[in-house]
Amino acid sequence: MIKQLVAAIDLGGTNTVFGLVDKEGNIILKESIPTAHFQIPEDMAAVVSEHIKLAMEKFEDQYELVGVGIGAPNGNYYKGTIEYAPNLVWQGIVPLAKLFTDKLNVKTVLTNDANAAALGEMMFGGAKGMKDFIFITLGTGLGSGIVSNGEMVLGHDGFAGEIGHVIVKENGRLCGCERRGCLETYCSATGLKRTYIDLLLGQVNKGDVQTDMIDSKYIYDKAVMHDKIALEAFEQTGKVLGLTLANSVANFSPEAIFLFGGLAMAGEFIFKPTKESFEHYVWHIYKGKTKILPSQLKENDAPLLGAASLIYKELGMIA
Ligand SMILES: [Zn+2]
């Protein structure tokens, strides 16, 4: 019997990862090409489509391709476009979903990478069977996907659910979105580093601080060695995150909040202060009802599983 497969594409500023994923979440094919190789998106779509077609020819007596799912920065689900993504060479509005539909003759859907990863958690991870949850990715920035009543929260324009750009401090740190005080400037790998350096500068002379080698891994290693500044940096990061998530609960009353990404791998260093702050700030009617959990998706597989889940859900093939 011929089984159905989808193509999954994770478009990043550096690399575009693409592959074929079956309904059980097995990644049948996984390849990667540098995104910046392609001056125009049409060339990227042509090359990736060609790779997918060639792979499908090999499997033609076992599988058929039924759709394409794409996770991309600034992805607009409603229009199938990427809009003004700051980390891509392609400027303006790019009709990426249409480019793939034209090449592969199957339905293509697109959304931002964090929304896609949230659906991946729902189909293949810890959110199986949940209808209301929030997925937070703590990487260079803070991405988020919100699922409410079993559906992605997209808003009227397709860009809802950007918890990373909730302002948590008036006139706070400068954010990539050109405003100040956004959550991601405090709660992300970059935010942790900024907090650590601020704390360090409060203790020693400016000239003595070498910041080049400091990253979240460095701070984690310091925390493991009981370094007070590193522990305090995690503490402050978790405090801001917990407070903001407590506010998100007032909006969405999720069953769980999943933390994913490099910073979430710091385990109790980030989970403990986040949970404590969350319990402190959450309104008592919600107390004890929302779990804060580590994502059950593997770091490397999450983008493809997310993009695959997006199209499986669109085709009505998600449980
Ligand atoms: Zn921002």
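Everything quoted here is computed from the prediction, not taken from an experiment.

Trainee: Tell me about the overall build of the chain, and name the residues and values.
Mentor: If you tally the helices and strands in the chain, you get 8 helices and 13 strands. What you see for the chain is a C-alpha radius of gyration of 20 Å, in line with the 20 Å of a compact globule of 319 residues. Across its three principal directions, the C-alpha atoms of the chain cover 65 × 45 × 35 Å. Considering the chain as a whole, with its 319 residues, one finds that 52% of them fall into the buried category.

Trainee: Please give an account of helix α6 (residues 228-252) that cites residues and values.
Mentor: In a regular helix each residue adds 1.5 Å, so 25 residues correspond to 36 Å; α6 covers 36 Å between its end C-alpha atoms and thus fits that length. The N-cap residue of α6 is Asp227: its side-chain oxygen and the backbone nitrogen of Ile229 are 3.2 Å apart. A positive phi of about 40 degrees marks Ser253, the residue just after α6.

Trainee: Residues and numbers for the packing of aromatic side chains, please.
Mentor: To describe a pair of aromatic rings, you give the distance between the ring centres and the angle between the ring planes. Applying the stated rule across the entire model yields 8 aromatic pairs. An angle of 75 degrees between the planes, with centres 6.2 Å apart, marks the rings of Tyr196 and Tyr218 as edge-to-face. Placement of Tyr196 in helix α4 (residues 189-201) and of Tyr218 in helix α5 (residues 216-224) is noted, with a sequence separation of 22 residues between them. Among the residues examined, Tyr218 registers a relative accessible area of 24% and is labelled partly exposed. Measuring from ring centre to ring centre gives 5.6 Å for Tyr220 and Phe269, while their planes differ by 80 degrees; the resulting arrangement is edge-to-face. Residue Tyr220 is found in helix α5, and its partner Phe269 is found in helix α7 (residues 268-281); the two are separated by 49 residues along the sequence. Judged by its relative accessible area of 30%, Tyr220 falls in the partly exposed class.

Trainee: Tell me about the coordination of the zinc ion, residues and numbers included.
Mentor: The protein atoms that coordinate the zinc ion are His165 (ND1), Cys175 (SG), Cys177 (SG) and Cys182 (SG), at distances of 2.1 to 2.3 Å. Viewed at the metal, the 4 donor atoms of the zinc ion are separated by angles of 107 to 115 degrees, and the geometry they form is tetrahedral. In the primary sequence, the donor residues of the zinc ion line up as H-x9-C-x1-C-x4-C. Residue His165 is found in the loop between β11 (151-152) and α4, and its partner Cys182 is found in the loop between β11 and α4; the two are separated by 17 residues along the sequence.

Trainee: Go over the pairing of strand β9 (residues 133-138), please, and point to the residues and values.
Mentor: Within β9, 6 of the 6 residues are buried, which leaves it mostly tucked inside the rest of the structure. By the alternation rule, side chains of β9 split into Phe133, Phe135 and Thr137 and Ile134, Ile136 and Leu138, which are all buried. With 6 bridges joining them, β9 and strand β10 (residues 142-148) adopt antiparallel strand pairing. Across the sheet, Phe135 pairs through a bridge with Gly145, a residue of β10. Between β9 and β10, which pair antiparallel and follow one another directly, the connecting turn spans 3 residues. Pairing analysis gives 5 bridges linking β9 to strand β12 (residues 256-260), with the strands arranged parallel. Looking across to β12, one finds that Phe135 is bridged to Phe258.

Trainee: For the layout of surface pockets, give the residues involved together with the corresponding values.
Mentor: For the largest pocket, the calculated volume is near 1,600 Å³. Considering the residues around the largest pocket, the lining is formed by 50 residues, among which Pro73, Asn87, Asp113, Thr140 and Gly141 are closest to the centre. Elements that contribute at least two residues to the lining of the largest pocket include exactly β1 (3-11), β2 (15-22), α3 (113-124), β9, β10, α4 and α8 (302-314). Here the residues of the lining of the largest pocket are counted per class, giving 19 nonpolar, 22 polar and 9 charged.

Thresholds applied
Residues numbered from 1 in each chain as written. Predicted model: local features only at pLDDT ≥ 70, side-chain atom pairs only at ≥ 80, totals over all residues. Heavy atoms only, no water. Helix = DSSP H or I, 4+ residues; strand = E, 2+ residues; numbered from the N terminus. Rg over C-alpha atoms; globule rule 2.2 N^0.38 Å. Buried < 20%, exposed > 50% of the residue type's maximum accessible area, 1.4 Å probe, protein only. Expected span 1.5 Å × (residues − 1). Polar contact = N/O pair within 3.5 Å; in protein donor to acceptor, adjacent residues only side chain to side chain. Phe/Tyr/Trp six-rings, centres within 6.5 Å; stacked < 30°, edge-to-face > 60°. Donors = N, O, S within 2.8 Å, 3.2 Å for Na, K, Ca; no water. Tetrahedral: all angles 85-135°; square planar, octahedral: opposite > 155°, others 65-115°. Pairing = 2+ DSSP bridges. 1 Å grid on protein atoms, 1.4 Å probe; cavity = no way out; pocket = protein on both sides within 12 Å on 5 of 7 lines; lining within 4 Å. Points joined across faces, edges and corners; volume = space filled by probe spheres on them. Nonpolar A, V, L, I, M, F, W, Y, C, P; charged D, E, K, R; others polar.

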